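Next come the chains, spelled out residue by residue.
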Amino acid sequence: MKRTLIQNAVIVNEGRKVLGSVVIEGEKIAEILTGEEKTTTPCDEIIDATGCYLLPGAIDEHVHFRDPGLTHKADITTESRAAAAGGVTSIMDMPNTNPQTTTLEALDEKLTLLAGKSAVNYSCYFGATNNNYPQFAQLDKHRVCGVKLFMGSSTGNMLVDRMASLRNIFGGTDLLIAAHCEDQGIIKENTDKYKKAYGDDVPLTLHPVIRSEEACYRSSELAVQLAREANARLHIMHISTARELDLFSDAPLITKRITAEACVSHLLFTEDDYQTLGARIKCNPAIKTAEDRKALQEAVNSGLIDAIATDHAPHLLSEKEGGALKAMSGMPMIQFSLASMLELVDKGIFSIEKIVEKMSHAPAQMYEINNRGFIHKGYQADLVLVRPNSKWTVTTDCIVSKCQWSPLAPAAAPSAITTNPLVLNQTQGDYYEKTGVQLFLGLSAEGMGIGIGLRGAGFGAAGAEAGNSPLVAFAAASAAHLAYSSRSSSCIAGAASAAPEAWSSAAESTSLSAYWSSMSANGSGEPIPGSCSLSSFASSS
């Protein structure tokens with residue numbers, strides 16, 4: 001079995017940063033060495049990670065890969081590659097596709113698609129409707145990460161707006177219930193009001209007025225009330241207002257039955273950015289005030305917010321045209337999520353340890369994912385290397401998502417966004433050479449040909465050189481369902497971590513296109529401590 005040594009890295013894990021080395025044997029972490037400690041068994045390959053941070057791969061528990069049925073925007077193949085390019089090694093996909101994942105048959109079909117196409121670990125949610133709660137008892141907890149509940153904006157018949165149905169849902173499962181909370185009655189009232197003033201479309205700047213703080217708070221308040229009544233496991237997604245934070249606790253995560261998520265977009269942008277970025281940052285719930293953003297950032301640090309995700313939701317740029325009522329809501333964020341949060345580390349808003357906690361550790365704990373999310377001996381080697389102080393610009397040439405745009409690209413912003421590239425050696429394949437993405441996936445036969453697909457040419461990536469990129473992801477296991485440590489069934493699958501097959505220690509490689517201008521809190525260029533480790537990913541929301 002091949003042994004790979006990643007040596008002299010700053011390992012960020014469980015609130016600490018330690019200079020050390022990690023030995024990968026096959027698909028798992030075999031040894032964790034600190035300081036000058038040496039491995040007792042020779043290794044087949046040595047990667048010099050001097051000056052780099054070694055983090056656990058990020059776990060994104062909130063993505064829309066648009067597959068099946070909406071693949072003109074995105075598909076599992078392209079978006080899972082974008083995830084890997086951004087240091088995200090596990091994902092949980094949402095059910096509002098076509099067909100919707102609201103029946104057991106559709107669930108089986110979705111999981112089959114993920115198994116055949118995903119380049120990273122995966123699971124998916126089962127979508128709740130007003131009438132399908134009797135099927136909850138038949139869900140395999142080892143295959144489904146959780147139940148997705150739309151108490152606000154949704155696609156098709158997935159809006160659950162009957163109180164009796166809501167009570168049946170909260171009382172009908174011990175799976176994590178992941179809720180989108182916006183009060184549809186308040187939104188309709190606001191929409192009707194502004195349509196009378198402006199006609200069929202409304203200025204984009206009124207999007208956060210229509211999808212208001214009150215709409216978010218009232219729906220979240222109801223969800224918390226119902227969860228407490230039923231002692232349900234509730235996870236409210238994409239919190240967007242300071243007011244909603246009063247509904248949550250800063251108690252230790254392990255003690256919580258009600259948790260909260262913040263999305264990258266709400267931590268980065270404010271309503272002022274509509275003036276320059278327009279509908280590219282239109283999402284539901286809406287991006288709101290600078291005060292709301294500051295409160296969310298503080299809540300990440302205080303523990304009121306438990307996890308950071310993306311709500312990665314690609315659309316074609318042509319679908320983003322129009323105002324508050326016509327432009328589609330959602331944006332592609334997964335490729336640049338980790339890097340953009342590291343940019344906030346550079347600005348002193350978060351520590352790198354906190355980012356690892358919220359993007360790797362917490363998702364693994366909340367979804368009870370087995371052997372991922374941490375850098376532990378015996379865990380899957382889902383790892384990301386980050387090299388600080390090497391700036392680069394996000395351009396369309398390095399975007400892997402099928403829609404080929406990002407709100408972080410210079411074309412969408414008044415100034416170029418720079419980032420610190422991850423350094424990894426050159427991998428084989430035309431695909432990586434053209435995009436600047438360097439991803440190491442050691443897939444087994446169970447990977448269903450993904451290894452060949454990832455390293456093959458002709459995947460539609462931009463032909464221009466992407467330049468330096470800051471992150472490199474190691475995925476050592478085959479794409480398969482993630483395993484849950486305390487469940488009766490397993491719901492997440494994916495490309496597990498494996499040692500890179502070709503990595504010249506002198507070569508620089510990139511796998512995360514995003515911006516991270518400097519990895520120091522004080523701007524001195526000194527590394528910032530961080531903690532992160534990736535365990536097998538089994539989501540339950």
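Structure first, text after, so check above.
Draft legend 1. How the structure looks around the packing of helix 3 (residues 163-170) against helix 6 (residues 213-230). Running from N to C, helix 3 and helix 6 cross one another at 50°; their axes reach a closest spacing of 9 Å. Looking at the two axes, helix 3 sits oblique to helix 6. Crossing of helix 3 over helix 6 shows right-handed handedness. When helix 3 is examined against helix 6, the residues Met-163, Leu-166, Arg-167 and Phe-170 are found in contact with a partner set consisting of Leu-222, Ala-223, Leu-226, Ala-227, Glu-229 and Ala-230. Grouping the amino acids of the contact of helix 3 with helix 6 by side-chain chemistry returns eight nonpolar, no polar and two charged.

Draft legend 2. Focus on the packing of helix 10 (residues 337-346) against helix 11 (residues 352-366). Two elements in contact, helix 10 and helix 11, have axes separated by 9 Å at closest approach and are oriented at 145°. As for how helix 10 packs across helix 11, the hand of that crossing is right-handed. Contacts from Ser-337, Leu-338, Met-341, Leu-342 and Val-345 of helix 10 reach helix 11 at Ile-352, Ile-355 and Met-359. When the residues that make up the contact of helix 10 with helix 11 are grouped by side-chain class, the tally is seven nonpolar, one polar and no charged.

Draft legend 3. Broad picture of the nonpolar core. One finds Ile-91, Leu-149, Phe-170, Leu-234, Leu-267, Met-341 and Ile-355 to be the most contacted residues of the largest nonpolar core, which totals 95 residues. Each residue touching Leu-149, except ones within four places of it in the same chain, is listed here: Ala-128, Val-160, Leu-166, Ile-169, Phe-170, Ile-177, Ala-178, Ala-179 and His-180. With 29 residues, the next largest nonpolar core counts Ile-11, Ala-178, Met-237 and Ala-307 among its residues.

Draft legend 4. Structural detail: the packing of aromatic side chains. The tally for this structure, following the rule as stated, stands at two aromatic pairs. Ring centres of Tyr-125 and Tyr-367 lie 6.5 Å apart, and the angle between their planes is 80°; this geometry places the pair in the edge-to-face category. With Tyr-125 in strand 8 (residues 121-127) and Tyr-367 in the loop between helix 11 and strand 14 (383-386), this pair connects stretches of sequence that are 242 residues apart. The class for Tyr-125 is buried, based on a relative accessible area of 0%. Given the relative accessible area of 0%, Tyr-367 is considered buried.

Draft legend 5. Broad picture of the environment of Pro-407. Of note, Pro-407 is situated in the loop between strand 15 (392-393) and strand 16 (418-419). The spatial distance from the C-alpha of Pro-407 to the C-alpha of Phe-336 is 10.0 Å, given a sequence separation of 71 residues.

Draft legend 6. Summary view of unusual backbone geometry. With an omega of 10°, the peptide bond between Asp-67 and Pro-68 qualifies as cis. For Pro-68, the position within the fold is in the loop between strand 6 (58-63) and helix 1 (76-85). Following Asn-98, the chain continues into Pro-99 via a peptide bond in cis, with omega recorded as 5°. Positive phi, normally seen in glycine, also occurs at Asp-311, with a value near 55°. Along the chain, the position of Asp-311 falls in the loop between strand 13 (307-309) and helix 10. Within the chain, Glu-368 stands out as a residue other than glycine whose phi angle is a positive 55°. Looking at where Glu-368 falls in the secondary structure, it is placed in the loop between helix 11 and strand 14. Given the relative accessible area of 28%, Glu-368 is considered partly exposed.

Draft legend 7. Focus on the pattern of salt bridges. By the definition in use, this model includes 20 salt bridges. Across the pair Lys-402 and Asp-75 runs a salt bridge whose closest N-O atoms are separated by 2.7 Å. Taken together, the residues Lys-402 in the loop between strand 15 and strand 16 and Asp-75 in the loop between strand 6 and helix 1 connect sequence positions 327 residues apart. A relative accessible area of 31% means that Lys-402 is categorised as partly exposed. Judged by its relative accessible area of 10%, Asp-75 falls in the buried class. Measuring nitrogen to oxygen at the nearest pair gives 3.1 Å for the salt bridge that ties Lys-354 to Glu-357. With Lys-354 and Glu-357 both in helix 11 and three residues apart, the pair spans about one turn of that helix. With a relative accessible area of 30%, Glu-357 lands in the partly exposed category. What you see here is one network of salt bridges that share partners, running through Glu-213, Glu-214, Arg-218, Glu-221 and Arg-243.

Draft legend 8. Expanded view of the side chain of Arg-3. On the secondary structure map, Arg-3 appears in strand 1 (residues 3-13). Since its relative accessible area comes to 8%, Arg-3 is described here as buried. Among the polar contacts made by the side chain of Arg-3, one reaches the side chain of Glu-25 at a distance of 2.7 Å. For Arg-3, the side chain forms a polar contact with the side chain of Glu-31, separated by 2.7 Å. The residues contacting Arg-3, other than those within four sequence positions of it, are Val-23, Ile-24, Glu-25, Ala-30, Glu-31, Thr-39, Thr-41, Pro-42, Cys-43, Asp-44 and Glu-45.

Draft legend 9. Just the pairing of strand 5 (residues 53-56), in detail. The alternating pattern of strand 5 places Tyr-53 and Leu-55 and Leu-54 and Pro-56 on opposite faces, both of which are buried. Of the strand pairs in this sheet, strand 5 and strand 14 are connected by four bridges, and their pairing is antiparallel. Its bridge partner lying in strand 14, Pro-56 is registered against Leu-383.

Draft legend 10. Region of interest: the pairing of strand 12 (residues 258-263). For strand 12, the buried fraction is high: six of the six residues fall into the buried class. Side-chain alternation along strand 12 places Ile-258, Ala-260 and Ala-262 on one buried face and Thr-259, Glu-261 and Cys-263 on a second face that is also buried. Relative to strand 12, strand 11 (residues 234-236) runs parallel, the two sharing three bridges. Bridge pairing links Ile-236 to Ala-260 in strand 12. Judged from the three bridges that link them, strand 12 and strand 13 form a sheet pairing that is parallel. The residue of strand 13 that forms the bridge with Ala-262 is Ile-308.

Draft legend 11. Representation of helix 6. Under the 1.5 Å per step criterion, the end-to-end length of helix 6 is 26 Å for 18 residues, consistent within 8% with the ideal 26 Å. Taken residue by residue, helix 6 has Ala-215, Cys-216, Tyr-217, Ser-219, Ser-220, Ala-223, Val-224, Leu-226 and Ala-227 as its buried positions. Buried positions along helix 6 lie against helix 3, helix 4 (184-198), strand 11 and strand 12. Where helix 6 ends, the next residue or the one after it, Asn-231, has phi of about 55°, a positive value.

How each quantity is defined
- Residues numbered from 1 in each chain as written.
- Predicted model: local features only at pLDDT ≥ 70, side-chain atom pairs only at ≥ 80, totals over all residues.
- Heavy atoms only, no water.
- Axes fitted to C-alpha atoms, helices over the stretch in contact; angles between N-to-C directions.
- Helix = DSSP H or I, 4+ residues; strand = E, 2+ residues; numbered from the N terminus.
- Parallel < 35°, antiparallel > 145°, perpendicular 65-115°, else oblique.
- Left-handed = near helix turned anticlockwise from the far one by under 90°.
- Contact = heavy atoms within 4.5 Å.
- Nonpolar A, V, L, I, M, F, W, Y, C, P; charged D, E, K, R; others polar.
- Core = buried A, V, L, I, M, F, W, Y, C linked by side-chain atoms within 4.5 Å.
- Buried < 20%, exposed > 50% of the residue type's maximum accessible area, 1.4 Å probe, protein only.
- Phe/Tyr/Trp six-rings, centres within 6.5 Å; stacked < 30°, edge-to-face > 60°.
- Salt bridge = Lys/Arg side-chain N within 4 Å of Asp/Glu carboxyl O.
- Polar contact = N/O pair within 3.5 Å; in protein donor to acceptor, adjacent residues only side chain to side chain.
- Pairing = 2+ DSSP bridges.
- Expected span 1.5 Å × (residues − 1).

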